[in-house]
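Structural overview for review
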Protein chains: 2
Amino acid sequence: MIDFRRRRWVKTWPALFTATVMLCLAASFLPMGMTPASEAVPPVERSNPTACGARTTAPRHYQVAASPDTVHWGFYSKNLAPVIAVNSKDFVTLETITHHAGDDYDRLIAGDHAIEAIYSWTADGKAVERGPGVHILTGPVYVCGAEPGDLLEVRVVDLKLRPSGMDATKTYGSNAAAWWGFQYDNLKDDPKPREVITLYEMDATGHDNYAKAVYRYQWTPQTTPDGVVHDTIDTAGIIVDHNTVTKITDTLKGVKVPLRLHLGSMGVAPSEADIVDSIPPSYFGGNIDNRNIGIGTAMYYPVAVPGALFSGGDAHASQGDGELDGTAIETSITGVFQFILHKQADLDGTILEGVNYPLLETPDSWIVHGFTYPNYLEALGEEAQTKIYELSSLDPALKNSSANLRDFLMNGMGLSEDEAFSLMTVGADFAITQVVDGNWGVHGIVPKAIFDPATVKPKPTVR
Amino acid sequence: MIDFRRRRWVKTWPALFTATVMLCLAASFLPMGMTPASEAVPPVERSNPTACGARTTAPRHYQVAASPDTVHWGFYSKNLAPVIAVNSKDFVTLETITHHAGDDYDRLIAGDHAIEAIYSWTADGKAVERGPGVHILTGPVYVCGAEPGDLLEVRVVDLKLRPSGMDATKTYGSNAAAWWGFQYDNLKDDPKPREVITLYEMDATGHDNYAKAVYRYQWTPQTTPDGVVHDTIDTAGIIVDHNTVTKITDTLKGVKVPLRLHLGSMGVAPSEADIVDSIPPSYFGGNIDNRNIGIGTAMYYPVAVPGALFSGGDAHASQGDGELDGTAIETSITGVFQFILHKQADLDGTILEGVNYPLLETPDSWIVHGFTYPNYLEALGEEAQTKIYELSSLDPALKNSSANLRDFLMNGMGLSEDEAFSLMTVGADFAITQVVDGNWGVHGIVPKAIFDPATVKPKPTVR
């Protein structure tokens, strides 16, 4: 018996050792506070409903491929016909296409028929009209039952880089240091000023999680099919003639930029104007450009029009807080999103009570957005969409962001105003979201782990 | 033999298992990219040199206890007599005392004879004169051989909370939501405006790594020994009469604020004026209030006067980026610092070439500071020390911070300006340091792991 026991131990120890090593390795790859596995995503349906029907017991999963018919370029609008109608809890796979693909036709457009079709621009005209903003947005998605005053939760279930049309193992993204960048008027080296495109390459198989620079070139005047010469990057979707530029391949040698996949622009249609420039973000979301809106996070948007009319685009392989030179690593991404509708009447007494700004939930934090103007369309009147570019500043953006975080801690966490201000001073961090979109952004981050779960208000019931 | 071998394995497996568990546990507490173990700190010398002598082969370790003789209250000055003279590579243990101890005499002053002595203020006068700023700073430390143009590296070897004079297992810190706070003019609840003190308790044994609120009270007019009534927190070191305030103990119940020990103010003496207000930070460091300056980090300061004249204080148990309501969790901390002098002539060709701003190195990142005015004393002339409070803004602070990060990437990392701007846009983060000190701050963070070590310039040789 003694021998037997000893032998059992002999076998148990190696097993214990191996198990511990495996657990240790697994734990070291798990970011702290990682979100629990989300609900299984059902298989994709064969056809997309464009009108609201009866809800099924289980949520459905639809796919919206990018095409000239499913994208709108440069604006959000309450007047757009939806590309799909979904019920609360449904999933949608949404293909988004970068508006910087023209910076390298061969790598970012050629061989990808959807992108070719969307970018089509001949002397006869464009396949997709563009403006007043620059972003290609896929949608809108009509969320059945959504009404002004509700809150639309959009869960980012998955984000995948779109493979290059010429080589499915690779993909590319473009960073444009452009005239709207924060240091464009403050360059050291000649020629001044100048715009510069840096092209980055990523692994489309998902194995390597970094971007590396392939080359850079200085912008030269480009002629579009309408005969207009563009001395700067002053319109969307210009196909750069690579015979006119000088590529410098000795660029950022050895530098590996960690990927932070996200969509720069996701939002619902605002109610204030028929056509709203896609560039400045606001209460309805839009071009928030917060690099934290990654896989496993959820955005909450105040619904402003019936059906909410959600669109997304401006995908980024990576971006730093600030988006300093004008753009991120602009690329095309296919995302899986789940839409959860929270009716206004269900919000009282929950953590989402009083949320009237775009709110981000990550696995380990709540992130409250603020802007120079919380609602610039309302605040600046008829000329809002031009004035906003002259009036942007971080000081009022921090004012708005910190007031919103105060409100979140009071309404959602049940703190008094004095408790809220002390806590957000000693335990919350304010970062610069972007300073290049007009209506500059500041976001406040409060970690979930600070709170005793027993004192935190519940989330609304998902219906 | 077989039996023997088996027995050896029997003993080896448990040992391997235990070792693996220990390693795994240790690794889980180690942040990614933690700095390698620093040089062993030698034992403390019995006496402190006040003049420069011959350097010893091995670095020495001195201790500067806080006392009315070793602190200066409210200012940096090139005219202060040093409390100690050290050589490059020497260590100094520096006791720092919070200027908010008067918010709760019993918990933060009583029984601690050094703090009692420093705070002594009777009808006959003060033990230590105060102003024009508010911080109690310990020093200055004279660094032998330091001259204008050199760079002083200050390594933060250790930081420990100073135990309460009444109970050595506990310690306390005060957060003042004060009139200089960012939302003081934007309160929701009555009475408006109001100042609020929130007292936090921490574990002085180092076991628990969080702060929890004990109570809060609203500021009431306080009379100082000179007979002046202070309706607001308008002078440093007021001892609050707790018979005049109403403590609310139901404050932030269940909330645990993670500790982020750091000194809000560390710096060298500026050359521009004889007495410089301790509140606004600038090129010489000072009240930077960056919560990232913790154990295992190093600050680099441009030396402006002979001997550098380093002082430190304004210790924080924790602070969020922004320091929104006016202060952090203000507490007393004893730190161990190593001083490394980098002579100007040694900087060319190194990663520190061209650094003329306060630079922070953490185990995994380089953090570049910027302010509304890089050097407000020079830029704003004779009235700089009053004007700075009216002129602070985040927009120029980001301009300065991002220009400094561009310069760091060009000079220190050998990038071209175009490479630098692209990289800092897609791979660096800009955060709000503070908006309550005058000369508001923004810091830019670039992760070390982005770079191929083979392409990074060396650090200067430590002499």
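It should be noted that the structure appears before, not after, this text.
Residues numbered from 1 in each chain as written. Chains lettered and ligands numbered in written order. Predicted model: local features only at pLDDT ≥ 70, side-chain atom pairs only at ≥ 80, totals over all residues. Heavy atoms only, no water.

Overlaying chain B with chain A gives an RMSD of 0.0 Å, the required rotation being 180° about an axis along which the chain moves by 0.0 Å. The symmetry that links the two subunits is that of a two-fold axis. Residue B:Ala431, judged by its C-alpha, is the member of chain B lying nearest the rotation axis, at 2.1 Å. When the interface residues of chain B are mapped onto chain A, 100% of them again fall at the interface, so both copies present the same face. (Least-squares fit on C-alpha atoms with pLDDT ≥ 70 in both. Contact = heavy atoms within 4.5 Å.)

It is worth spelling out the packing of helix 6 (residues 394–412) of chain A against helix 6 (residues 394–412) of chain B at this point. Each pair of packed helices can be summarised by the angle the axes make with each other and by the distance between the axes. The contact between helix 6 of chain A and helix 6 of chain B brings their axes to 7 Å, and the two run at 115°. With respect to helix 6 of chain B, the axis of helix 6 of chain A lies roughly perpendicular. Counting all contacts with helix 6 of chain A, which are made through A:Leu394, A:Asp395 and A:Leu398, the residues of helix 6 of chain B involved are B:Leu394, B:Asp395 and B:Leu398. A breakdown of the residues in the contact of helix 6 of chain A with helix 6 of chain B according to their chemical character gives four nonpolar, no polar and two charged. (Axes fitted to C-alpha atoms, helices over the stretch in contact; angles between N-to-C directions. Helix = DSSP H or I, 4+ residues; strand = E, 2+ residues; numbered from the N terminus. Parallel < 35°, antiparallel > 145°, perpendicular 65-115°, else oblique. Nonpolar A, V, L, I, M, F, W, Y, C, P; charged D, E, K, R; others polar.)

With that out of the way, let us pick up helix 6 of chain B. Residues and elements named next belong to chain B. Here helix 6 is 19 residues long and its end C-alpha atoms lie 26 Å apart, about the 27 Å a rise of 1.5 Å per residue gives. With respect to burial, helix 6 is a largely interior element, 16 of its 19 residues being buried. With a side-chain oxygen lying 3.3 Å from the backbone nitrogen of Asp-395, the N-terminal cap of helix 6 falls on Ser-393. Gly-414 sits one or two residues past helix 6 and shows a positive phi near 75°. (Expected span 1.5 Å × (residues − 1). Buried < 20%, exposed > 50% of the residue type's maximum accessible area, 1.4 Å probe, protein only. Polar contact = N/O pair within 3.5 Å; in protein donor to acceptor, adjacent residues only side chain to side chain.)

This brings us to the interface of chain B and chain A. Accessible area lost when the parts come together is the quantity often used to give the size of an interface. On the chain A side, the residues contacting the 79 residues of chain B number 79 residues. Between chain B and chain A, the buried area comes to about 6,500 Å², and carbon and sulfur atoms account for 59% of it. Joining chain B to chain A, the criterion identifies 14 salt bridges. Salt-bridge contacts for B:Asp418 lead to A:Arg194; the nearest nitrogen and oxygen are separated by 2.9 Å. At the boundary of chain B and chain A, one finds 52 residue pairs in polar contact (both at pLDDT 80 or more). Mapped by element, the contributors of at least two residues to the side of chain B that touches chain A are helix 1 (2–29), strand 11 (196–203), strand 15 (257–258), helix 6, helix 7 (417–426) and strand 24 (429–434) of chain B. The greatest single-element share of the side of chain B that touches chain A, amounting to ten residues, is contributed by helix 1 of chain B. Its residues placed into classes, the side of chain B that touches chain A shows 36 nonpolar, 19 polar and 24 charged. (Buried area = accessible area lost by both parts, 1.4 Å probe. Salt bridge = Lys/Arg side-chain N within 4 Å of Asp/Glu carboxyl O.)

With that settled, consider the pairing of strand 25 (residues 441–447) of chain B. On a regular strand, each side chain points to the face opposite its neighbour's, so the side chains alternate between the two faces of the sheet. Residues and elements named next belong to chain B. Buried residues dominate strand 25, accounting for five of its seven residues. Relative to strand 25, strand 23 (residues 365–371) runs antiparallel, the two being bridged by seven bridges. Directly across from Ile-367, in strand 25, lies its bridge partner Ile-445. Pairing of strand 24 with strand 25, which is carried by five bridges, proceeds in the antiparallel orientation. From the neighbouring strand, Ala-431 faces strand 25, where its bridge partner is His-443. Counting the residues that bridge the hairpin from strand 24 to strand 25 gives six residues, and of these Gly-438 lies at a positive phi of roughly 70°. (Pairing = 2+ DSSP bridges.)

Our focus in this paragraph is a positive patch on the surface. Residues A:Lys170, A:Lys212, A:Lys253 and A:Lys256 make up a contiguous surface patch of positive charge. Within the secondary structure, A:Lys253 is located in the loop between strand 14 (229–230) and strand 15 (257–258). (Patch = residues over 30% accessible without salt bridge, like charges linked within 9 Å, V, L, I, M, F, W, Y side chains within 5 Å. Areas by Shrake-Rupley, 256 points an atom, 1.4 Å probe, with all protein chains shown as cover. Lys, Arg positive; Asp, Glu negative; His and termini not counted. Charge placed at Lys NZ, Arg CZ, Asp CG, Glu CD.)

This paragraph deals with the pattern of salt bridges. When charged atoms on two side chains of opposite charge get close, those side chains can pair. Tallying each qualifying case throughout the model produces 48 salt bridges over all chains. Put simply, A:Arg406 and A:Asp407 hold a salt bridge, and the shortest N to O gap is 2.8 Å. Neither A:Arg406 nor A:Asp407 differs from the other in exposure class; each is buried. B:Asp104 is paired through a salt bridge with B:Arg107; the nearest N and O atoms lie 3.0 Å apart. Owing to a relative accessible area of 3%, B:Asp104 belongs among the buried residues under this scheme. Judged by relative accessible area, which is 27%, B:Arg107 ranks as partly exposed. When salt bridges with common partners are traced through the structure, they connect A:Lys188, A:Arg194, A:Arg216, B:Arg406, B:Asp407, B:Glu417 and B:Asp418 into a single cluster.

Once that is clear, we can look at the sheet that holds strand 15 of chain A. Ordered by their spatial adjacency, four strands build an open sheet running 10-11-12-15 (chain A), and the pairing between neighbours is antiparallel. In the strand order of this sheet, the two ends are held by strand 10 (170–177) and strand 15 of chain A, each with one partner. Across eight bridges, strand 10 of chain A lies against strand 11 (residues 196–203) of chain A in antiparallel orientation. Looking at strand 11 of chain A, one finds that A:Ala177 is bridged to A:Val196. With respect to the sheet, helix 7 of chain B is in contact with strand 10, strand 11, strand 12 (210–218) and strand 15 of chain A, its orientation differing from that of strand 11 of chain A by roughly 50°.

Let us now look at the side chain of B:Thr251. Within the secondary structure, B:Thr251 is located in the loop between strand 14 (229–230) and strand 15. In terms of polar contacts, B:Thr251 uses its side chain to reach the side chain of B:Arg216, at 3.0 Å. Within the local environment of B:Thr251, its side chain forms a polar contact with the backbone oxygen of B:Ile248, the two atoms lying 2.8 Å apart. Filtering out sequence-adjacent residues up to four positions away, B:Thr251 remains in contact with A:Glu419, B:Thr198, B:Ala213, B:Tyr215 and B:Arg216.

All names here are of chain A. Enumeration over the complete set of coordinates arrives at two disulfides over all chains. The partner cysteine of Cys-52 in its disulfide is Cys-144, sulfur to sulfur 2.0 Å. As the torsion about the S-S bond is roughly -95°, the Cys-52-Cys-144 disulfide counts as left-handed. Taken together, the residues span a long stretch of sequence, with Cys-52 in the loop between helix 1 (2–29) and strand 1 (61–64) and Cys-144 in the loop between strand 8 (136–143) and strand 9 (151–161) at a distance of 92 residues. The class for Cys-52 is partly exposed, based on a relative accessible area of 42%. (Disulfide = S-S within 2.5 Å.)

Let's shift gears to the packing of aromatic side chains. All names here are of chain A. Enumeration according to the criterion identifies 22 aromatic pairs over all chains in this entry. Relative to Tyr-217, the ring of Tyr-215 has its centre 6.0 Å away and its plane inclined at 20°; by these criteria the two rings are stacked. What makes Tyr-215 buried here is its relative accessible area of 2%. Within the aromatic cluster, the residues linked to one another by ring pairs are Tyr-301, Phe-310, Phe-337 and Phe-339. Sitting above the plane of the Trp-73 ring, Arg-130 keeps its charged end 4.1 Å from the centroid. Sitting above the plane of the Trp-366 ring, Lys-448 keeps its charged end 5.4 Å from the centroid. (Phe/Tyr/Trp six-rings, centres within 6.5 Å; stacked < 30°, edge-to-face > 60°. Lys NZ or Arg CZ within 6 Å of the ring centre and 35° of its normal.)

Let us look at the pairing of strand 9 (residues 151–161) of chain B. Residues and elements named next belong to chain B. The pairing of strand 9 with strand 19 (residues 298–302) spans five bridges and is classified as antiparallel. The partner of Glu-153 across the bridge, within strand 19, is Tyr-300. Across ten bridges, strand 9 lies against strand 21 (residues 333–342) in antiparallel orientation. Each bridged residue has a counterpart across the sheet, and for Leu-151 the counterpart in strand 21 is His-342.

As a further point, take the sheet that holds strand 10 (residues 170–177) of chain B. An order of 10-11-12-15 (chain B) is seen for the four strands of this open sheet, with the pairing classed as antiparallel. Each having just a single partner strand, strand 10 and strand 15 of chain B make up the two edges of the open sheet. Helix-sheet contacts for helix 7 (residues 417–426) of chain A involve strand 10, strand 11, strand 12 (210–218) and strand 15 of chain B, and the interaxial angle to strand 11 of chain B is about 50°.

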